[in-house]
Amino acid sequence: MPAGGTVLPTAMASTASVTTSTESSELSSLSNNINNAADISVIVIYFVVVMAVGVWWNGNAEDKPKHCWRLLSGGPIYDLVARLMGASLFASNIGSGHFVGLAGTGAASGIAVTAFESHSFALLLVLGWFFVPIYIKAGVMTMPEYLRKRFGGKRLQIYLSVLCLLIFVILTISADLFSGAIFIKLALGLDLYLAIFILLAITAVFTITGGLASVIYTDTVQAVIMLIGSFILMVFAFVEVGGYESFTEKYMNAIPSVVEGDNLTISPRCYTPQPDSFHIFRDPVTGDIPWPGTVFGMPITALWYWCINQVIVQRCLCGKDLSHVKAACILCGYLKMLPIFFMVMPGMISRILYTDMVACVVPSECVKQCGVDVGCTNYAYPMLVLKLMPMGLRGLMLSVMLASLMSSLTSVFNSASTLFTMDLYTKIRKKASERELLIAGRLFVAVLIVTSILWVPIIEVSQGGQLIHYTEAISSYLGPPIAALFLIAIFCKRVNEQGAFWGLMVGLAMGLIRMIAEFSYGTGSCLAPSSCPKVICGVHYLYFAIILFSVSILVILGVSYLTKPIPDVHLYRLCWALRNSTEERIDLDAEDREENGAEDRPEEDPTEKPRGCLKKTYDVCCGLQRTEPKLTKEEEEALKKKLTDVSEKPFWRTVVNVNVIVLLAVAAFFYGYFA
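Residues numbered from 1 in each chain as written. Predicted model: local features only at pLDDT ≥ 70, side-chain atom pairs only at ≥ 80, totals over all residues. Heavy atoms only, no water.

If you look the protein chain up in an unreviewed UniProt entry, it shows as Solute carrier family 5 member 4A from Apodemus speciosus. Comment text from UniProt for the protein chain, heading Sequence similarities (unreviewed entry), reads "Belongs to the sodium:solute symporter (SSF) (TC 2.A.21) family." Its UniProt record gives the protein chain a comment under Subcellular location (unreviewed entry), which states: "Membrane". (UniProt positions renumbered as here; feature names shortened; annotations may be inferred.)

This is the structure in structure tokens:
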């Protein structure tokens, strides 16, 4: 994409972003960088360490008590401490798409893109202090299950489950696979499709044999690797450019040498760094990321991602206690301040060091530099890794990319299997045993992998634009109605099922109209504007998120107040006003659960039977370890009480509250300096 552009990659931009059959000499030279013993040894050691952690955890999980995630976790994880949860939250969120996308957009337009990351600290606090306590008291395992308990019926639960699975495929998996494949392609000289297949295969094996428990523990290892590797690269980059002051001066002069050609009249704004490149808040009309969208639009998509997304919430439900959950959110909030230094600024430095490639604007020149004709900003971070770092450290950085990719994908695969098994499969097989549910969840991972491979052509199309704008735009079209529903469901007990359903439907229709229009017409570029009707595509996607969120709230409240309310007896501990109620709740989904026979699923035979080596290997690989003894009624009640307990020790409650104030002070300084 042109350096000054502000557009998204879309399917109809394929004519401008298809990779040519002849690779440029630049790419050919880069593909030979990871071919030495030092780099290869580092990569091999990384895989051995990560796999060893996962295998060790699975091997030691058998004799420990399990909790509500036992169906899909592969191990006990209800006593996770803050450092593990915080590292897992960060590693699950930061994928290779962030390294490629944030660095690419930073190279194109400056530091404003960092707001997508730094805003997260506020929503993490909302998650830990407001949303998680309700989820825990409700005793839910998935977000669709919360909707079923809160509103009753099945359509909301099924709708959200299917939509989440769709988002996993078209958004999360596609972005991570594409960005990870760029590194593999450049570093090892592999075909893009082969690189994607290898990444999927490794991740699938890791997920199927590990489960959520091993994913969370290996996330801690991978988060450390990501931070160390990206910190080292940042130091190398700033040393190469001559320090921070030299960086700010040279970036504003990083203009490609070829700005004419292909019979095009190219405006200087397409290849000249923006005057506000070092400002987070930008012009509300002409800015590529306008400040009203930054202030009001980003928190809406962040609310959906951090407080409702199954991948994130699933980890917070594994905490030792609520204080540990809050501390994990604070830790992750601090870590989310780092991308501006570890990803965005290195991407901007890449533009300085490799201006003709990263900031290319003439289509024929971009094809010569990186093989695509709409821009090479996606190659900003890989260029730094392969050009700046010495042998051994290059292997470490490739390991960082693989770590972030695998962490994100394993999280998605586990959460997707949980959603499918608990919210969809049980509707088909109402009396399925726990063994059958576990196997169904693991097989669904395989189906998800095949689906992801079918999306490879769309992944390839997206390489012509800025990846972060693509992911945030899709989030802005699909996320706001869900964010509106959960926010009102928790803080307004008057909302009922009819209002929730029609609010989601209206929001979905509006979001799909905008998204399909952009896929159909394209969003244009700095060189050629889009022909999409202004009435549909005329507003920035962050402004559209604000409109969509507001309309969804109005519909939800309007329909709810025109229809019958839900009696309080069905809402105890499901909304904020009734969160501390001790009265017995009559679940709206009680009849559904009786119909589904959830409490009467056949138990596995606890009798120990002789098993051959092949059977034992199969059980270990699938997480089908020793069958748990059936709990007595008293034990079940004790376990339920533990899993729904949100009490905190006064000392630790004070500690986390003080740390919130410190985090807010750090965030205020951060925005005050860069705004």
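What the protein chain contains, in helices and strands, is 31 helices and zero strands. When the 675 residues of the protein chain are sorted by exposure, 60% land in the buried category. Counting contacts in the protein chain only where the partners sit at least 6 residues apart, residues at least 24 apart contribute 83% of the total. Accessible surface, the protein chain: about 25,800 Å² in total, of which carbon and sulfur atoms supply 65%. (Helix = DSSP H or I, 4+ residues; strand = E, 2+ residues; numbered from the N terminus. Buried < 20%, exposed > 50% of the residue type's maximum accessible area, 1.4 Å probe, protein only. Contact = heavy atoms within 4.5 Å. Areas by Shrake-Rupley, 256 points an atom, 1.4 Å probe, with all protein chains shown as cover.)

Let us now look at the state of the cysteines. Counting across every chain of the model gives two disulfides. Disulfide pairing is shown between Cys360 and Cys366; the S-S distance is 2.2 Å. Across the S-S bond of Cys360 and Cys366 the torsion is about 115°, and the bridge reads as right-handed. For the pair shown, Cys360 and Cys366 are each scored as buried. Cys575 carries a free sulfur, and the closest cysteine sulfur to it, the one in Cys492, is 8.8 Å from it. (Disulfide = S-S within 2.5 Å.)

Next up on the list: the side chain of His540. Position of His540 among the secondary structure elements: in the loop between helix H26 (534-537) and helix H27 (541-561). Residue class for His540 comes out buried when judged on its relative accessible area of 18%. Look past the residues within four positions of His540 in its chain and what remains in contact with it is Asp288, Ile289, Pro290 and Arg514.

Moving on, we come to the nonpolar core. In this structure, Leu127, Tyr135, Tyr146, Phe151, Phe247, Tyr381 and Phe486 are the most contacted members of the largest nonpolar core, which totals 187 residues. If near-sequence neighbours (up to four positions away) are discounted, Phe151 is found in contact with Leu156, Leu485, Ala489, Val495, Asn496, Glu497, Ala500, Ile566 and Leu588. Within the second largest apolar cluster, seven residues are counted, among which are Val259, Ile266, Cys270 and Val361. (Core = buried A, V, L, I, M, F, W, Y, C linked by side-chain atoms within 4.5 Å.)

Once that is clear, we can look at empty space enclosed by the protein. Evaluated as defined, the whole model comprises six cavities of 30 Å³ or more. Taken as a whole, the largest cavity encloses approximately 600 Å³ of empty space. Lining the largest cavity are 34 residues; nearest its centre among them are Asn93, His98, Tyr305, Glu472 and Ser475. (1 Å grid on protein atoms, 1.4 Å probe; cavity = no way out; pocket = protein on both sides within 12 Å on 5 of 7 lines; lining within 4 Å. Points joined across faces, edges and corners; volume = space filled by probe spheres on them.)

Okay, the packing of helix H25 (residues 497-521) against H27 next. Across the interface, H25 lies against H27 with an axial gap of 7 Å and an inter-helix angle of 155°. Classified by the angle their axes make, H25 and H27 are roughly antiparallel. Considering how the two elements wind past one another, H25 and H27 form a crossing that is right-handed. Packed against H25, whose contacting residues are Gln498, Gly499, Ala500, Trp502, Gly503, Val506, Gly507, Met510, Gly511 and Arg514, the element H27 presents Tyr541, Phe544, Ile547, Leu548, Val551, Ser552, Val555, Ile556, Val559 and Ser560 at the interface. Class assignment for the residues of the contact of H25 with H27 results in twelve nonpolar, seven polar and one charged. (Axes fitted to C-alpha atoms, helices over the stretch in contact; angles between N-to-C directions. Parallel < 35°, antiparallel > 145°, perpendicular 65-115°, else oblique. Left-handed = near helix turned anticlockwise from the far one by under 90°. Nonpolar A, V, L, I, M, F, W, Y, C, P; charged D, E, K, R; others polar.)

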